[in-house]
Amino acid sequence: MGIRGELYTTQTTLANRSYFFNVKENRTGDVFLQIVESKNRDGADFDRHQIAIFEEDMQKFLGGLDDALRFIKKNRKEIERIHAEKKAAKEAKYGGGASDGMKRIVRKKRGEEDEDFRPQDPNAPKKTGRVHVVSKIQK
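Since this is a predicted model, take the numbers as computed values, not measurements.

Reading the values: rules and limits
- Residues numbered from 1 in each chain as written.
- Predicted model: local features only at pLDDT ≥ 70, side-chain atom pairs only at ≥ 80, totals over all residues.
- Heavy atoms only, no water.
- Salt bridge = Lys/Arg side-chain N within 4 Å of Asp/Glu carboxyl O.
- Helix = DSSP H or I, 4+ residues; strand = E, 2+ residues; numbered from the N terminus.
- Buried < 20%, exposed > 50% of the residue type's maximum accessible area, 1.4 Å probe, protein only.
- Expected span 1.5 Å × (residues − 1).

Brief notes about the pattern of salt bridges
Think of it this way: side chains of opposite charge can pair up when their charged atoms draw near. Tallied over the full model, the rule gives five salt bridges. One salt bridge connects R70 with D66, and the closest N-O pair in it is separated by 2.5 Å. Of the two residues, R70 and D66 are both situated in helix α1 (residues 58–94); the distance of four residues between them amounts to about one turn of the helix. Residue classification places D66 among the partly exposed positions, given a relative accessible area of 37%. Salt-bridge contacts for R70 lead to D67; the nearest nitrogen and oxygen are separated by 3.2 Å.

Written as structure tokens, this is what we have:
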């Protein structure tokens, strides 16, 4: 038996979190799984949370975890279908792609003049800056 009753330990590291899966034995001989999440906080401290699952409860715990994972997988397909429907409805309403869009972006060099992009209305505000957005509706 290792330090503090540890029988086995493994670590999974993500971007700013680490997960430890420790199999331990307590003083009375009960074996349990300890899951520890350690999160880096402000570069100096670590925020640490842990849960313990005892051997007799492990099958129920894994069953619940399996149900949750199945729901996520099923729900992901449903969410992807809903997003595809929304995207199709949006493209049907507003047109799809850059060529069918309502606006186009034109980049000009300073001092360059182009008659095609001047506003038709003499009272329209003058374009200042290098990037101009011209609506196709105005033409």
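A few points about α1
Given a rise of 1.5 Å per residue, 37 residues ought to cover 54 Å, and the 53 Å separating the end C-alpha atoms of α1 matches this to within 8%. The first or second residue beyond α1 is G95, which carries a positive phi of 90 degrees.

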